[in-house]
Amino acid sequence: MTGKRQLSETEKQKVLEQHERRCFVDGEPIPEEEPIEFHHIKPFSSGGPTSLDNIAPVCKRHHRTIGTMSLQEYRDKIELSRFFEGGESKFLDDLIRHKKGQCGERLNYEIKEGHISLYYGDSKHDFPLYACPTTKWGYFYGTLPVKYLGNDRELQPRPLREPNLWKLYRHFQINTQISPSICRIDDNGTLVLFDGQHKAAAQIWAGRLMIECKIYLNPDKRLLKETNLDAHGPYRQMSFYSHELMQKYADIFGEDWIEYMDTAGEKSESGFYNFLFHAKQKTWAQAKNEIALAMYKEIVDDEANKLSRYLSEKHRGRKQPLTFARLKKTFFQHMLVSPPLEDEFESDNDFRKDERCNLVKLMTIIAEEGLEGKWAPERADAAHKKAERIFSAGAIRAWVILLRDATNIHLKHYTDEERDRFFYRVIQDEEFKYFRRFVNKIFDHKIWDDPDPSGEIAARLSKDDATTAKSLFDEKELTVQWVLGT
Ligand SMILES: [Zn+2]
């Protein structure tokens, strides 16, 4: 629970009385011998009150997996996984029915001079009417009760996707909805939504009763269908993708990239990967490799990345502690999500840029704490020798994993997906203070200072595999627990 104030014993008792010592997540009683954790029901950060009403007890098991979610979010997440369980496609209709018990109710309306009157909730609601100058279709904007909404199977045949829905759900916990969902209504008062379904679904899941919509009156379905396809099709990239993205891989992939960006539809790493395979006769391995290399190059070429100054490929002329090949086996292998990702470029789901920034920050911390003012082959003093041991082939492979594991525990990532996407997210600057502490903890360990006349330790640290140095770490108690300890 973030931003928590300490609860006094009396306050804890009050909360327990109110909830009868039951875990708020699933209502199960918490055994007498088990410790109780207290969490916010509504997120503290999004203005949930700090009063006792907003605090509830949680069992140990659920406390371990709740991460940074509030209890309400956590319950909604569990319910969402259940909703999608079984693997059959779910549509907006299914979701509304699940939440409201009914959906697609007919909406009575009446059109008068320049406005439309809707009848719901025992009263009449007037909205001004507009006409599209091109098609002459009438439309209006309204925030309407969810039960009148239905899914437009004809214009929006795609089912809902759980990950998109969840990301938007969390997004709307702190952000406003910028553009409305788009609907149409026919003469019978059937109102269906054909664009922005995940946005609407995410808000309904969060318990909203009204959804913000732009509604067309009886538009020409065939034309609308074409327009809707166009909006997501070939014209999309023109207006929706940035110039920066268009240029991003042009140097590396040349015409392949430009040709791909010119094709119809959403653009993503996996789209490009398929394009390289199908249209460019690359093997899957080649395609994947090329995308990965482009990512690595961006990280190494980032001017903020201080660790790049210690790469042989970048700065020849004196002995350097690192090579590009070593970065691949360490930071890139363990700290980046391996391509290709399905997330649409520059969409709300695309965190590649954040991932890159996070890794550059971490690599810079490592350069500052482990190499700056220390790495000096010409002096070859004690500080340099220590740095040599820290950055020897096997050692770095082992401590990069150690650092990743410690960071994952610190960030409370418990699921495989969270662990795998460890840096593929926004991470607050605040957290990097902890990461710096972990790095220092590792570099301060006595393993690097050990006078070792036999040379055995040095030999084990430099063996270029992922296990030899690790077993030495275990013997010398350089472990995740040690890194996290104070
Ligand atoms: Zn529980």
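Per chain, residue numbering runs from 1 following the sequence as it is written. Local features in a predicted model are, by the rule used here, given only for residues with pLDDT of at least 70; side-chain atom pairs are given and counted only at 80 or more, and totals for whole chains, interfaces and linings are based on all residues. Only hydrogens and water are set aside; all other atoms, that is, all heavy atoms of the structure, feed into the side-chain values.

1. With respect to the overall build of the protein chain
By the criteria applied, helices consist of DSSP H or I runs no shorter than four residues and strands consist of E runs no shorter than two, each listed in order from the N terminus. Each helix and strand counted, the protein chain has 22 helices and 11 strands in total. Viewed in the frame of its principal axes, the protein chain has a C-alpha envelope of about 95 × 70 × 35 Å. Each residue gets one of three labels from its accessible area relative to the maximum for its type: buried under 20%, exposed over 50%, partly exposed in between, using a 1.4 Å probe on protein chains only. Within the protein chain, the proportion of its 486 residues that are buried is 45%. Whether two residues are in contact is decided by their heavy atoms, any of which lying within 4.5 Å being enough. Put simply, of all contacts in the protein chain between residues at least 6 apart along the chain, 67% involve residues at least 24 apart.

2. Considerations on the pairing of strand β9 (residues 181-185)
Consecutive side chains of a regular strand alternate in pointing toward one face of the sheet and then the other. In terms of burial, β9 is a largely internal element, five of the five residues being buried. Burial along β9 is two-sided: the face carrying Ser 181, Cys 183 and Ile 185 and the face carrying Ile 182 and Arg 184 are both buried. Bridge count for β9 against strand β11 (residues 210-217) is five bridges, and the pairing is parallel. The partner of Cys 183 across the bridge, within β11, is Ile 215. A pair of strands counts as paired when DSSP detects no fewer than two bridges linking them. Inspection of the sheet shows β9 paired to strand β10 (residues 191-195) by four bridges, in the antiparallel sense. Residue pairing for β10: Cys 183 is matched across the bridge by Leu 193. The antiparallel hairpin formed by β9 and β10 contains five residues in its connecting segment, where Gly 189 sits at a positive phi of about 85°.

3. Side note on the coordination of the zinc ion
Here the zinc ion is held by Cys 23 (SG), Cys 59 (SG) and His 62 (ND1), and the distances to it run 2.0 to 2.3 Å. Metal sites are built from N, O and S donor atoms within 2.8 Å, or 3.2 Å for Na, K and Ca, and they leave out water, so they may look incomplete. Considered as a linear motif, the donors of the zinc ion on their single chain read C-x35-C-x2-H. Residue Cys 23 is located in the loop between α1 (9-19) and β1 (37-40), and its partner Cys 59 is located in the loop between β2 (55-58) and α2 (60-65); the two are separated by 36 residues in the primary sequence. Overall, the relative accessible area of 2% leaves Cys 23 in the buried class.

4. Let's talk about the packing of aromatic side chains
Each Phe, Tyr or Trp ring, with Trp reduced to its six-membered ring, pairs with another whose centre is within 6.5 Å; inter-plane angles below 30 degrees give stacked pairs, above 60 give edge-to-face pairs, and intermediate values give tilted ones. This structure, assessed with the given rule, holds 30 aromatic pairs. Ring centres 4.6 Å apart and planes at 10° place the aromatic pair Trp 166 and Tyr 169 in the stacked group. Linking Trp 166 with Tyr 169, this pair stays in helix α5 (residues 162-174), spanning three residues, or about one helical turn. Comparing Trp 166 with Tyr 169, the two get one shared label, buried. Here the aromatic residues Tyr 130, Trp 137, Tyr 139, Tyr 141 and Tyr 216 are joined through ring pairs into a cluster of three or more. When the ring centre of Trp 205 is taken as origin, the NZ or CZ atom of Lys 99, which lies over that ring, is 4.5 Å away. For a lysine, the NZ atom is tested; for an arginine, the CZ atom; a charge sits over a ring if that atom is within 6 Å of the ring centre and within 35 degrees of the ring normal. A cation over a ring is seen here: Lys 441 above Trp 482, with NZ or CZ 4.4 Å from the ring centre.

5. Things to note about the environment of Ala 202
Its location among the elements puts Ala 202 in helix α6 (residues 197-205). Judged by its relative accessible area of 1%, Ala 202 is buried. The spatial distance from the C-alpha of Ala 202 to the C-alpha of Leu 16 is 32 Å, given a sequence separation of 186 residues. Those residues in contact with Ala 202 that lie beyond four places of it in its chain are Leu 165, Leu 168, Tyr 169 and Phe 172.

6. Regarding the packing of helix α4 (residues 92-100) against α6
Remark: α4 packs on α6, axes separated minimally by 10 Å, with the N-to-C direction vectors making an angle of 10°. Considering their axes alone, α4 and α6 lie roughly parallel with respect to each other. Where α4 abuts α6, its residues Leu 92, Leu 95, Ile 96, His 98, Lys 99 and Lys 100 lie against Gln 197, Ala 201, Ile 204 and Trp 205. Each residue belonging to the contact of α4 with α6 can be placed in one class, and the counts come to six nonpolar, two polar and two charged. The convention used is that axes are lines fitted to C-alpha atoms, helices contributing only their stretch in contact, and that angles between N-to-C directions extend from 0 to 180 degrees. With respect to orientation, any angle under 35 degrees is reported as roughly parallel, any angle over 145 as roughly antiparallel, any angle of 65 to 115 as roughly perpendicular, and every other angle as oblique. All amino acids are sorted into three groups, where Ala, Val, Leu, Ile, Met, Phe, Trp, Tyr, Cys and Pro are nonpolar, Asp, Glu, Lys and Arg are charged, and the leftover types, Gly among them, are polar.

7. Quick word on α1
Listed in full, the buried residues belonging to α1 are Val 15, Leu 16 and His 19. All buried residues of α1 fall inside an arc of 100° around its axis, so they share one side. Residues of α1 that are exposed and point more than 90 degrees away from the buried face comprise Thr 10, Lys 14, Glu 17 and Gln 18. Buried-residue contacts for α1 involve β1 and β2. At the C-terminal side of α1, Glu 20 shows a positive phi close to 50°. Regarding the arc, it is the one traced by the directions from the helix axis to the C-beta atoms.

8. Observations regarding empty space enclosed by the protein
With a 1 Å grid spanning the protein atoms alone, the term cavity applies to any set of points in which a 1.4 Å probe fits but cannot get out, the term pocket to an open set with protein on both sides within 12 Å along at least five of seven lines, and the term lining residue to any residue with an atom within 4 Å of a point. Grid points are joined across faces, edges and corners, and a volume is the space filled by probe spheres set on the points. For the coordinates displayed, the defined rule picks out three cavities of 30 Å³ or more. The volume enclosed by the largest cavity comes to roughly 40 Å³. Taken together, Tyr 249, Phe 253, Trp 257, Glu 269, Phe 272, Ile 291, Ala 294 and Phe 345 make up the lining of the largest cavity. For the lining of the largest cavity, the secondary structure elements donating two or more residues are α12 (269-278) and α13 (284-301).

9. Comments concerning the state of the cysteines
Working definition: a disulfide is two cysteine sulfur atoms within 2.5 Å of each other. Under the defined criterion, the tally for this structure stands at zero disulfides. A disulfide-free cysteine, Cys 183 has its sulfur positioned 3.7 Å from the sulfur of Cys 213, the nearest such atom. Among the residues examined, Cys 183 registers a relative accessible area of 0% and is labelled buried.

10. Observations concerning the nonpolar core
Side-chain atoms within 4.5 Å are what join buried Ala, Val, Leu, Ile, Met, Phe, Trp, Tyr and Cys residues into a set we call a nonpolar core. Counting 70 residues, the largest nonpolar core has Trp 257, Phe 331, Phe 332, Ile 366, Trp 399 and Trp 448 as the members making the most contacts within it. Ala 56, Ile 66, Tyr 120 and Phe 127 belong to the second largest nonpolar core, which has 55 residues in total.

11. Description of the sheet that holds strand β4 (residues 115-120)
Pairing within the open sheet is antiparallel, and its three strands lie in the order β3-β4-β5. Looking at strand neighbours, the two that pair on one side only are β3 (108-112) and β5 (123-128), the edges of this open sheet. Across the sheet, the mean angle from the axis of one strand to that of its neighbour is 25°, orientation sign disregarded. As paired elements, β3 and β4 share five bridges and run antiparallel to each other. Bridge pairing in β4 links Tyr 109 to Leu 118.

12. Concerning unusual backbone geometry
A cis geometry characterises the amide bond from Pro 339 onward to Pro 340, with omega recorded as 0°. Inspection of the secondary structure assignment puts Pro 340 in the loop between α14 (324-335) and α15 (352-370). Despite not being glycine, Lys 136 has its phi angle at roughly 70°, a positive value. Residue placement: Lys 136 occurs in the loop between β6 (130-131) and β7 (138-145). Its relative accessible area of 60% is what places Lys 136 among the exposed residues. In this model, Glu 477 sits at a positive phi of 60°, which is unusual for a non-glycine residue. For Glu 477, the position within the fold is in the loop between α21 (468-475) and α22 (480-484).

Spatial relationships are all this shows, so hold off on functional conclusions.
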